[in-house]
Amino acid sequence: MRNALGLMLASVVAAVVIAAGGWFYYSSRADQAAPKTMAARAADQLPAQAKLAAKDDVETTAALAGKPAAAAAAPAPAPAMPVQQRSTCANPNALGVSRVVEIDTTGGPGFGFEHFKQFDFLTDKEVVLTFDDGPWPVNTPAVLKALADECTKGLFFSVGKHATYHPEILRQVLAQGHTVGTHTWSHVNLNSKKMTEQQVKDEVEKGFSAVRFALGTNPAPFFRFPQLQHNPAMVTYFGTRNVAMFSTDIDSFDFRKGATPEKIVETVMTRLDKLGKGIILMHDFQKHTGEAMPALLARLKAGGYKIVQMKAKTTFQTLPEYDEALLKDLKVPTSSARPIGSVVQTVSQ
């Protein structure tokens, strides 16, 4: 009896132990699986967040690609702010820049409906501010100050000769975030019958080399013909050099005799209010243009107009023979063509 009773008790104890062990095993496995399930759910949400971030960037700048895959694990960004709010602008009511567009200059596209009708990229109430003939003392800095006060940007077409006269001013233009293109070497009419095809090419290429020399870096592959005189052979040539050509939609006529700041503003706004948008042609070489800029920018802001900045996808590559010829003409030692960063470096501070 005792043996039988002992066997029965041992069987009961063994059953209890087995049952408890099994409960503990499955309970612990379930606890370990729970975090994995939660992590999987969180990961399922990440692709949607990454797409949203990329979409915001494209809408804001019209030039940025989606974020790399490594950034997908970051939390969803806050709603994108306008370009001018995300900058370090000290003016809370600044006109700013509403949109930045990047131009692929392959094949030499043209902009400005006075001569080129193909690319209608501006929407209603959008304008591009462009300035020709600088850099020039007093006048160009006056334009730069007006633009800086409103935290907005323009496109400058520099005359090569002027760039060599005042490289420090042209460097200020670039340093303040504006786009720099070219406007020939000496502002001659490229359609003149006195100009040979080689002379026309020299004017263009030497202008690009001069602006590169003044900036210490390559300019944008953007060009505007002096007097808007489009030489047909050069239009074709720019296609081979991948240079975008600029005409205009709205001419300020700020170069005319008798132009005043008030007349410049009225000329621009009258035409702009009629068209509703456009590329505006002005000259930072002209004294009255700098004087007109604060009032013009105020009128643009009051009228609900928005500034679009144009940038190039790539920079312009000058031809070595023109770079060398320019340095020879200017009697500049060859070593001075080196970037300052390759000559002078801060090693302690």
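Residues numbered from 1 in each chain as written. Predicted model: local features only at pLDDT ≥ 70, side-chain atom pairs only at ≥ 80, totals over all residues. Heavy atoms only, no water.

## Points about the state of the cysteines
Quick reminder of the rule: Throughout, a disulfide means two cysteine sulfur atoms within 2.5 Å of one another. Helix and strand definitions follow DSSP, with helices as H or I runs of at least four residues and strands as E runs of at least two, each counted in order from the N terminus. Residue exposure (1.4 Å probe, protein chains only): buried if accessible area is under 20% of the type maximum, exposed if over 50%, otherwise partly exposed.
In this structure the tally under the stated criterion is one disulfide. Disulfide pairing places C89 opposite C151 at an S-S distance of 1.8 Å. As the torsion about the S-S bond is roughly 80°, the C89-C151 disulfide counts as right-handed. Remark: C151 occurs in the loop between α3 (139-149) and β4 (155-158) and C89 occurs in the loop between α2 (83-86) and β1 (99-103); sequence separation between them is 62 residues. Judged by relative accessible area, which is 22%, C89 ranks as partly exposed.

## Section: the packing of helix α8 (residues 261-275) against helix α9 (residues 287-302)
To keep it simple, the criterion reads: Between the N-to-C directions of two axes lies an angle of 0 to 180 degrees, each axis being a line fitted to C-alpha atoms and, for a helix, fitted only over the stretch in contact. Any angle that falls under 35 degrees is termed roughly parallel, while one over 145 is termed roughly antiparallel, one within 65 to 115 roughly perpendicular, and all others oblique. Whether a crossing is left-handed or right-handed is set by the direction in which the near helix is turned from the far one by less than a right angle, anticlockwise for left-handed and clockwise for right-handed. Contact between two residues is taken to exist if any of their heavy atoms lie within 4.5 Å; hydrogens are not considered. In the scheme used here, Gly and all other residues not listed as nonpolar or charged are polar, with Ala, Val, Leu, Ile, Met, Phe, Trp, Tyr, Cys and Pro taken as nonpolar and Asp, Glu, Lys and Arg as charged.
Put simply, α8 and α9 touch, their axes get as near as 8 Å, and they point 40° apart. Taken together, the axis directions place α8 and α9 in an arrangement best described as oblique. Our pair here, α8 against α9, has a crossing hand that is right-handed. Residues P261, I264, V265, E266, V268, M269 and L272 of α8 lie in contact with α9, whose contacting residues are H288, T289, E291, A292, A295, L296, R299 and L300. When its residues are assigned to classes, the contact of α8 with α9 shows 10 nonpolar, two polar and three charged.

## Concerning the packing of aromatic side chains
Each pair of aromatic rings is reported with the distance of its centres and the angle of its planes. Convention followed: Note on aromatic pairs: the rings of Phe, Tyr and Trp (six-membered ring only in Trp) are paired at centre separations within 6.5 Å, and the planes decide the class, stacked below 30 degrees, edge-to-face beyond 60, tilted for the rest. Distance and angle both matter: a charge sits over a ring if NZ of Lys or CZ of Arg is within 6 Å of the ring centre and within 35 degrees of the ring normal.
Counted according to the given criterion, the structure contains 14 aromatic pairs. With a centroid separation of 5.1 Å and an interplanar angle of 90°, the aromatic rings of F223 and F225 are classed as edge-to-face. Taken individually, F223 and F225 each receive the classification buried, so the pair is uniform in this respect. Their ring planes at 70° and their centres at 5.8 Å tell us that F225 and F238 sit as a pair that is edge-to-face. Of this pair, F225 sits in the loop between β6 (222-223) and α7 (232-241) while F238 is found in helix α7, placing the two residues 13 residues apart along the sequence. Ring pairs connect the aromatic residues F111, F119, F121, F157, F222 and F246, which therefore count as one cluster. Its guanidinium or amino end placed over the ring of F253, R256 lies 3.9 Å from that ring's centre, counting from NZ or CZ.

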